Amino acid sequence: MSLTRVSRSDSLELQEGVYNTAFEEDGSRAALDETDAQVEADRPSASVNVDGELSSYTQIKPYAGMPKEVLLLYSSQARYRLPREILFWLIVACTLALIALSITVIALSPRCLSWWQTSPVYQVYPRSFKDSNNDGIGDLKGIKEKLEHFLYLNIKAIWISPFYKSPMRDFGYDVEDFRDIDPIFGTMEDFDDLLISMHDQGLKLIMDFIPNHSSDKHVWFQSSRRREEPYTDYYVWANCTADKPPNNWVSVFGNSSWTYDPLRGQCYLHQFLKEQPDLNFRNPHVRREMTDIISFWLDKGVDGFRMDAVKHILEAAHLRNEPQVDPSQPPELVDTEFELYHDYTYTQVGLHDILRAWRVELDKYSREAGRYRFMVTESYDYEEIDKTMMYYSTDFVRESDFPFNFYLLDLPQGLSGVRAQELVSLWMTNMPQGKWPNWVVGNHDKPRMTSSVGKEYVRAINMMMLTLPGTPTTYYGEEIGMENVHIDEEDIQDPFGKFNPNATRDPQRSPMQWTGGLNAGFSGNNTWTWLPIHDNYTTVNVEAQTGDDGSILEQYRRLSQLRETELALHRGWMCFVWSDADVFVYLREQDGLNRGFLVVINLGRAATTDLSSVSGLPEQLRVHTSTIPENQGRSYSRGAVATAEGEGLLLEFSSNQRFHTSHASSCYISEKACYLSVLDIMYRC
Ligand code: GLC
């Protein structure tokens, strides 16, 4: 091997008398000697160090400034090549191992639960929640004043019924401006302020969205009446005369769903009040407008929507008569919803495409971490539960996160343990696999359970809601056991109640009972609140129940905390165990955890239940929580589990056996995962 000429600058590092073993191979030492002689001739007496100072050479800096050829020579030597290659392959191996590890972790990680799964949803009816300006009607500032209440109850998701600008014929469900706040409830600043405060405290705001109709005062409807473009076809118009509607369709609130408009000389469709004309979703402009409104509120930061009355969104364009339930009934007497089969007005083809398009819109805003936007649909499908389940859609085409489950509202009809199991099972057996269940026992449209089943069962029902798998919805006041208020017929406010006093929704909308003081702490108005306060408010109120361990409120609070902290309760298996006239019994367990729960809900009379015929149950069960404080800490053998009338029992046990493995047909799980106690993690199993 020969070396090429070493320049003056190159020679700076090759100093006299310095011996480098790297040059020993292949007679290169001789070549170097030659070069050294040349270098010697050219060598300066001093060199420049890295700081630019002149200094004498005292020591070699190995390889620094070494010419490429020399470096190549060194680098091919085994003592350099080997470590280099070892290091290289080590890095490759580590990188591959890291990639494999990441893939394994991703593949083994179970899905995290989202905020709408971990917290109950709490429904605020804003007229009745808290009045901040003493006008007798609740408002947004009032809600803001009470955020502490949600935090106390461990509730993170708040659905607020409509507060849009509205003539209030249906108390906000008749919207005059979808982008404005009604002055009764406050201003847009109040809304922004409320949302900021909620987010600051980790709370999520779900708005009501009312797509099916607007108010007749909406500028779109007024323009449509005058056939002004582009609004002419924003609503569903049909030829008719003042006394003869286009067909036999009836409104949910009773009577014909058509009203003649003398200005336009046609009838318009309204599936609710005549002041709530149906929007025409076959018109692409209307679809665009409604999607833009959704984006408007998403841009503001709202966390989700409760989609109102969705099954009504489309109706058949042919406008044929709907078949009567009783064909022998004189057609002119058919004036209520339940007297027709709604083949042409409910759940029409195309409805799900509209909802899925809204889901896509919501998803655009969900990408930011922790900002998932939620969608729940409202549709009462009664015995056609498959229609309700359609709103869950599929894993590939998503729609609502869940459709409201209204089936427990039927609990009062034949209240018993068997009835409860039947209704819970109805949902669990029909729900598509892997979807998330939910439970509703009250809302602003339905009588409170306290009044329909009796207040003695309210604690047990709350316990059932908070220990079943899935998301419970709590209608304001359920957490303290509020009851329906009596309203004299002449005082009815609800338009539905005015048509049919027996169906009035006012009783379940009475003001929230905060304290034992003036207007139950709801309003400082000395003379008036929009609906009367229930006269039980001196005992049934938040203040009186706070801190009282045995109160409905404190029991709710404990259970809602437990629901979040106990894996078995918030994401474990649910298995039906037993039901009879008195009790409904189910089990909650988590793969990988030895601790499980047996829930006994008494919806009948005091009973001692013998569960010894159920295989796989542990012998001894300890009371973790009872709605009767004296029973706290007791133990029962599975052959004799005693419950009082209306008692809810959460029994805990420890077992190495999994119940669901031997009772597969009566067990359900949504987000299957196993717990690994050594690492305290969950993994997909
Ligand atoms: C929904 C609401 C109800 C309202 C109706 C019309 O069902 O829950 O209160 O009257 O829609 O918007």
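Computed from a predicted model, the values in this text were never measured in an experiment.

Looking now at the pairing of strand S20 (residues 620–626). As paired elements, S20 and strand S21 (residues 635–637) share three bridges and run antiparallel to each other. Bridging from a neighbouring strand, Leu 621 pairs with Tyr 636 of S21. In this structure, S20 lies alongside strand S23 (residues 648–654), joined through four bridges in antiparallel fashion. Bridge pairing in S23 places Thr 625 opposite Leu 650.

This next bit is on a negative patch on the surface. Together, Asp 488, Glu 489, Glu 490 and Asp 491 make up a region of like negative charge exposed at the surface. Mapped onto the secondary structure, Glu 490 falls in the loop between strand S15 (471–475) and helix H16 (495–499). For Glu 490, a relative accessible area of 65% gives the class exposed.

With that settled, consider the state of the cysteines. For the structure shown, the criterion picks out three disulfides. Paired by a disulfide, Cys 240 and Cys 267 hold their sulfur atoms 2.0 Å apart. Because the torsion about its S-S bond is 95°, the bridge between Cys 240 and Cys 267 counts as right-handed. Residue Cys 240 is located in the loop between strand S8 (237–238) and strand S9 (258–261), and its partner Cys 267 is located in strand S10 (residues 266–269); the two are separated by 27 residues in the primary sequence. Each member of the pair, Cys 240 together with Cys 267, is buried. Across the disulfide from Cys 575 sits Cys 667; the S-S distance is 2.1 Å. Taking the torsion about the S-S bond as the criterion, the Cys 575 to Cys 667 disulfide, at about 115°, is right-handed. A residue pair is termed long-range when its members are at least 10 positions apart, and Cys 575 in strand S16 (residues 573–579) and Cys 667 in strand S24 (residues 667–668) qualify at 92 residues.

This structure, assessed with the given rule, holds 45 aromatic pairs. With a centroid separation of 5.9 Å and an interplanar angle of 70°, the aromatic rings of Tyr 164 and Phe 178 are classed as edge-to-face. Remark: Phe 178 occurs in strand S6 (residues 177–181) and Tyr 164 occurs in strand S5 (residues 164–165); sequence separation between them is 14 residues. For Phe 178, a relative accessible area of 1% gives the class buried. Here the guanidinium or amino end of Arg 179 rests over the ring plane of Phe 296, the centre of that ring lying 5.6 Å away. The ring centre of Tyr 380 lies 4.6 Å from the NZ or CZ of Lys 446, which sits over that ring.

Their axes nearest at 11 Å, the elements helix H8 (residues 188–200) and helix H10 (residues 284–300) cross at an angle of 55°. As the angle between them shows, H8 and H10 are arranged oblique. Taking contact as the criterion, the partners of Met 188, Phe 191, Asp 192 and Leu 195 in H8 are, on H10, Phe 296, Trp 297 and Lys 300. Looking at the contact of H8 with H10, its residues break down into five nonpolar, no polar and two charged.

In the numbering used here, UniProt assigns the "domain: Glycosyl hydrolase family 13 catalytic" (unreviewed entry) feature to residues 123–509. With 27% helix and 12% strand, residues 123–509 has its two end C-alpha atoms placed 12 Å apart.

A rise of 1.5 Å per residue sets the reference length of helix H11 (residues 351–364), with its 14 residues, at 20 Å; its end C-alpha atoms lie 21 Å apart and thus fit the reference within 8%. Here H11 has its buried residues at Leu 351, His 352, Ile 354, Leu 355, Trp 358, Arg 359, Glu 361 and Leu 362. Turning to H11, the residues buried within the fold contact strand S7 (204–209), H10, strand S11 (304–307) and strand S12 (374–377).

All right, on to helix H15 (residues 458–467) then. With respect to burial, H15 is a largely interior element, nine of its ten residues being buried. Restricting attention to buried positions, one finds in H15 the residues Val 458, Ala 460, Ile 461, Asn 462, Met 463, Met 464, Met 465, Leu 466 and Thr 467.

If you trace the seven strands from one edge of the open sheet to the other, you get S21-S20-S23-S18-S17-S16-S24, paired in antiparallel fashion. Edge positions in the sheet fall to S21 and S24, since each has one partner strand and no second.

Conventions and cut-offs
Residues numbered from 1 in each chain as written. Predicted model: local features only at pLDDT ≥ 70, side-chain atom pairs only at ≥ 80, totals over all residues. Heavy atoms only, no water. Pairing = 2+ DSSP bridges. Helix = DSSP H or I, 4+ residues; strand = E, 2+ residues; numbered from the N terminus. Patch = residues over 30% accessible without salt bridge, like charges linked within 9 Å, V, L, I, M, F, W, Y side chains within 5 Å. Areas by Shrake-Rupley, 256 points an atom, 1.4 Å probe, with all protein chains shown as cover. Salt bridge = Lys/Arg side-chain N within 4 Å of Asp/Glu carboxyl O. Lys, Arg positive; Asp, Glu negative; His and termini not counted. Charge placed at Lys NZ, Arg CZ, Asp CG, Glu CD. Buried < 20%, exposed > 50% of the residue type's maximum accessible area, 1.4 Å probe, protein only. Disulfide = S-S within 2.5 Å. Phe/Tyr/Trp six-rings, centres within 6.5 Å; stacked < 30°, edge-to-face > 60°. Lys NZ or Arg CZ within 6 Å of the ring centre and 35° of its normal. Axes fitted to C-alpha atoms, helices over the stretch in contact; angles between N-to-C directions. Parallel < 35°, antiparallel > 145°, perpendicular 65-115°, else oblique. Contact = heavy atoms within 4.5 Å. Nonpolar A, V, L, I, M, F, W, Y, C, P; charged D, E, K, R; others polar. UniProt positions renumbered as here; feature names shortened; annotations may be inferred. Expected span 1.5 Å × (residues − 1).

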